[in-house]
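# Structural overview for review
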Amino acid sequence: MPAETHSHREVSAVEVKRVVFEHAAEVLDVDLELVTEDTALPEDSLAILDLVQLSEEELADRTVGLELDDEVTECETVGDVVGFVAQRVGVPVD
């Protein structure tokens, strides 16, 4: 019997969007109500990486093997990050 087991549940597109939006509000220092998929991200790649890292940490608890790479710095909007994270966790996004 393995000493450690990994259980996880599937993550929905709605959940990915919620997680990214919440962390975008935090990283951008704005009210959550102001965050949309069209919200522009700063050109500062560290802010983008922070957003992805925070989202990854929350979603990684629910998925196995989530790894994000430097391609995320090409994201220009919150919607881009939602799509990027969703792709990594295998969730189709509308």
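Predicted model only: the values in this text are computed from it and were never measured. (Residues numbered from 1 in each chain as written. Predicted model: local features only at pLDDT ≥ 70, side-chain atom pairs only at ≥ 80, totals over all residues. Heavy atoms only, no water.)

Another point: the environment of Val-14. Topologically, Val-14 is positioned in helix α1 (residues 13–28). Between the alpha carbons of Val-14 and Val-82 there is a distance of 9.8 Å; along the sequence they are 68 residues apart. (Helix = DSSP H or I, 4+ residues; strand = E, 2+ residues; numbered from the N terminus.)

Turning to its location among the elements, His-23 is positioned in helix α1. For His-23, a relative accessible area of 11% gives the class buried. A distance of 2.9 Å separates polar atoms of two side chains, one belonging to His-23 and the other to Glu-58. Once residues within four sequence positions are removed from consideration, His-23 is found in contact with Leu-51, Leu-54, Ser-55 and Glu-58. (Buried < 20%, exposed > 50% of the residue type's maximum accessible area, 1.4 Å probe, protein only. Polar contact = N/O pair within 3.5 Å; in protein donor to acceptor, adjacent residues only side chain to side chain. Contact = heavy atoms within 4.5 Å.)

A complete count under the given rule lists 4 salt bridges for this structure. One salt bridge connects Arg-18 with Glu-15, and the closest N-O pair in it is separated by 4.0 Å. Here the residue Arg-18 and the residue Glu-15 both occupy positions in helix α1, the gap between them amounting to 3 residues, near one helical turn. Looking at Arg-18, the relative accessible area reads 34%, which means it is partly exposed. Arg-18 serves as the salt-bridge partner of Glu-22, at 3.0 Å between the closest nitrogen and oxygen. (Salt bridge = Lys/Arg side-chain N within 4 Å of Asp/Glu carboxyl O.)

As a further point, take the nonpolar core. Judged by nonpolar contacts, the single largest core of 23 residues is most densely connected at Val-16, Val-20, Leu-41, Cys-75, Val-78 and Val-81. Counting residues per element, the ones that place at least two in this core are α1, α2 (45–60) and α3 (78–89). Among the elements that take part in this core, α3 stands out by supplying 7 residues, more than any other. Not counting residues within four places of it along the chain, the set of residues in contact with Cys-75 comprises Leu-41, Ile-48, Asp-80, Val-81 and Phe-84. (Core = buried A, V, L, I, M, F, W, Y, C linked by side-chain atoms within 4.5 Å.)

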